[in-house]
Structure formats: structure tokens, C-alpha cells
Amino acid sequence: MKQFLVRRGTLLALFVSALSFSNCQKSTGGKNYRYNGVMDVDGWNRSYLLNLPPNFYDTTGLPLVILLHGFAGTAKQAEADYGVTDKGNAGHFIVVYPEGIQSDGPYRLRSWDAGNCCFVAQSNGINDVHFISNLIDYLVANYKVDPKKVYVAGMSNGAMMAYSLACDLSGKIAAITSVSGTLIASSPCTPSRSVPILEIHSSQDSKVPFNGGYGMDGVWFPAVDSGLNVWAALDTCGAPTATQYTGYTLTEWKNNSGNVAIDCYLTQDGGHSWPGGLKPRVQADPPSVYLNATDLMWDFFQRYTLP
């Protein structure tokens, strides 16, 4: 049965909850480092969790990592399971966890409109690109973000959204990381510049199969390398080279300057999960023990800035 979304003001309780998101969560010595925020985008209350690193008040020009949860995930869940906040505090970058739109069904599932996935956001035409674009502008203007060091990472449906953002917001995003995702855009990808891509996937992933096919909820997903080949052409890359390591294979595409433009790590263990992270629920696939996606993500992002 089709689920419909909760619009701003539909439920008083939700509206009151959204208002409370503007309050800070944590302060040290009178300085706030944690915020639950909300912004109105196209008539919808769009929520996010913001974490500032310990050096925030002593510096400027900080990198920003936008972390997108998977289908049915939340900001709180993504923060708890992937370890990106700890990495940001140690590596001195800001992390923001936006939330996909929520259905009004019994499970209140959140999703992103990444093109051809995922319900409910996709079926209702939610403009998530507009949301993330507005969020970037707001954080750059108010939280000392270096506009040349804005990065996006996502898990599953959030990873698909990261690909969409690379297509549509290439002028604002320096690089992306996709974990258990694939390019599933509903229209041609036409970025204004080449965008470095890090893909981390498992050969055991049955929900978004690496080689393509039917996965979660009976949705057909294109093969991961089909999307990477699209980006290799956009990034003017040569033929890829693959290196086998214990437990995983690394495939690299280099651009005409000889610099790595695309990295793809394919693990032989794990499944539809964030390598090195935690299982979000008991029934979830186990994460790979051979890689740490958060470490790989930040190492990759540090190589790139916007021109």
C-alpha cells in the first residue's frame, strides 16, 4: 500500500519536534559543538545533525563531510554505526548528517530521491538535490566551511544520492564516497566538472548486487562498474588497473594527468554494510573485516579540493 509523506505542519507533534532541532545538544565551556537543525526546503521541514570538531572555535576554513544514511536509516543511526564523527573530531573536519524525507507509514522510513530509487522520496518527487545544495550554502555561510573542501559520502540509498549529487552539484562537491551504492540516475549525468569517486562494495551484497540485478524490495539495480565506466569517461580516465589484496580487490582509474580519479574497493566478505562499522540491527549483513570505509573515505577526500 502506498505511503504518503508527512508535510510540514501535518502533525503538530512533528512540528514541535522539528522546532526543537534548532537547539544545541552539547556544550563545553559555553561553546556548542553539536546541533540538531531543521530548514524549510520546498515546503518540507528537512532535518540534520551537525557535529563541529574540537578546534572549530580556533580556526577557519574547515572541510565538511556530508554523510547520507541508507534507506530506513537516520542521522543518529548513521553517526552511531559508521564512526565518522570520531574521525571528524580527530581529523578536524565538520560532519553533517542530513535526513531523508520520512513516510507516514507505521515504520516512518526515511529515503532519498536518487533517480530511480528509493520509495517514498522517489515516488513523491522530493528534490533532495535542492535540500543538500541549500544545506551546503547555509553551512558555508555560518560554520567556517571551506567551500572548496565539501565532500559527500553515503550508504546504500544514501550512496546513490551521493552519485546524484556528483552529477548535479559538481560545482559544490569536491569528491564523493559511495558505500554499497550504484549510479541509478533517471536522467543523463552531466556534471560541470569531473568528480573523483570512491566506491566501496562487497561481492556478497545481495541488496545492491555489485554485478547488477534485482536486489532489495525487488528493485533492479545496474552493475556498479557500469556507473563507474560512465564516470571514467566523464573524468577522461584511461583503462583501469586492478590489484588483488587479502580479502579485497582495488581497481583504479587514472585521468590524463596520471592522477587517480576513481577508486573501487571490492571486498570478498561482508555484505550490504559499512566496512569497519557496526551492524545497525541484528538481521543486517556483517561489515567487512578487511577494510575500514571511514578511514578510506577520509584518506580519499584529503587528496581533492575544488578548483
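These figures come from a predicted structure and were not determined experimentally.

> Quick question: what am I supposed to make of the pairing of strand β10 (residues 197-202) here?
In summary, the side chains of a regular strand alternate between the two faces of the sheet. Of all six residues in β10, six are buried, a share of seventy percent or more. Burial along β10 is two-sided: Ile 197, Glu 199 and His 201 and Leu 198, Ile 200 and Ser 202, pointing in opposite directions, are all buried. Two strands pair when backbone bridges link them, and strand β9 (residues 175-179) and β10 are joined in this way by four bridges, in the parallel orientation. Within β10, the position partnered with Val 179 by the bridge is Ile 200. Relative to strand β15 (residues 260-267), β10 runs parallel, the two being bridged by six bridges. In the sheet register, Ile 197 faces β15, and the bridge partner there is Ile 262.

> Please clarify how the nonpolar core should be interpreted in this entry.
Among soluble globular proteins, nonpolar side chains are generally buried collectively. Judged by nonpolar contacts, the single largest core of 57 residues is most densely connected at Leu 50, Ile 66, Ile 94, Tyr 143, Leu 165, Ile 176 and Trp 231. The biggest single contributor to this core is helix α5 (residues 157-168), with seven residues. With residues near it in sequence (within four places) discarded, Ile 94 still touches Leu 50, Asn 51, Leu 52, Pro 53, Phe 56, Leu 62, Pro 63, Leu 64, Val 65, Tyr 143 and Val 145. Core analysis: the second largest hydrophobic core is formed by 32 residues, Tyr 82, Trp 274, Met 297 and Trp 298 among them.

> Explanation requested: the pattern of salt bridges in the structure shown.
A side chain with one charge can pair with a side chain of the opposite charge if their charged atoms come near. Enumeration according to the criterion identifies seven salt bridges in this entry. The partner of Asp 128 in a salt bridge is Arg 46, and the shortest N-O contact between them spans 2.8 Å. Here Arg 46 lies in strand β3 (residues 44-51) and Asp 128 lies in helix α4 (residues 128-142), a separation of 82 residues in the sequence. Like Asp 128, the residue Arg 46 is buried in the burial classification. When the shortest N-O distance is used, the salt bridge between Arg 110 and Glu 99 registers 3.6 Å. Taken as a pair, Arg 110 in strand β7 (residues 110-111) and Glu 99 in the loop between β5 (94-98) and β6 (101-102) lie far apart in primary sequence, eleven residues in all. In this structure, Arg 110 and Glu 99 share a single accessibility class: buried.

Criteria and thresholds
Residues numbered from 1 in each chain as written. Predicted model: local features only at pLDDT ≥ 70, side-chain atom pairs only at ≥ 80, totals over all residues. Heavy atoms only, no water. Buried < 20%, exposed > 50% of the residue type's maximum accessible area, 1.4 Å probe, protein only. Helix = DSSP H or I, 4+ residues; strand = E, 2+ residues; numbered from the N terminus. Pairing = 2+ DSSP bridges. Core = buried A, V, L, I, M, F, W, Y, C linked by side-chain atoms within 4.5 Å. Contact = heavy atoms within 4.5 Å. Salt bridge = Lys/Arg side-chain N within 4 Å of Asp/Glu carboxyl O.

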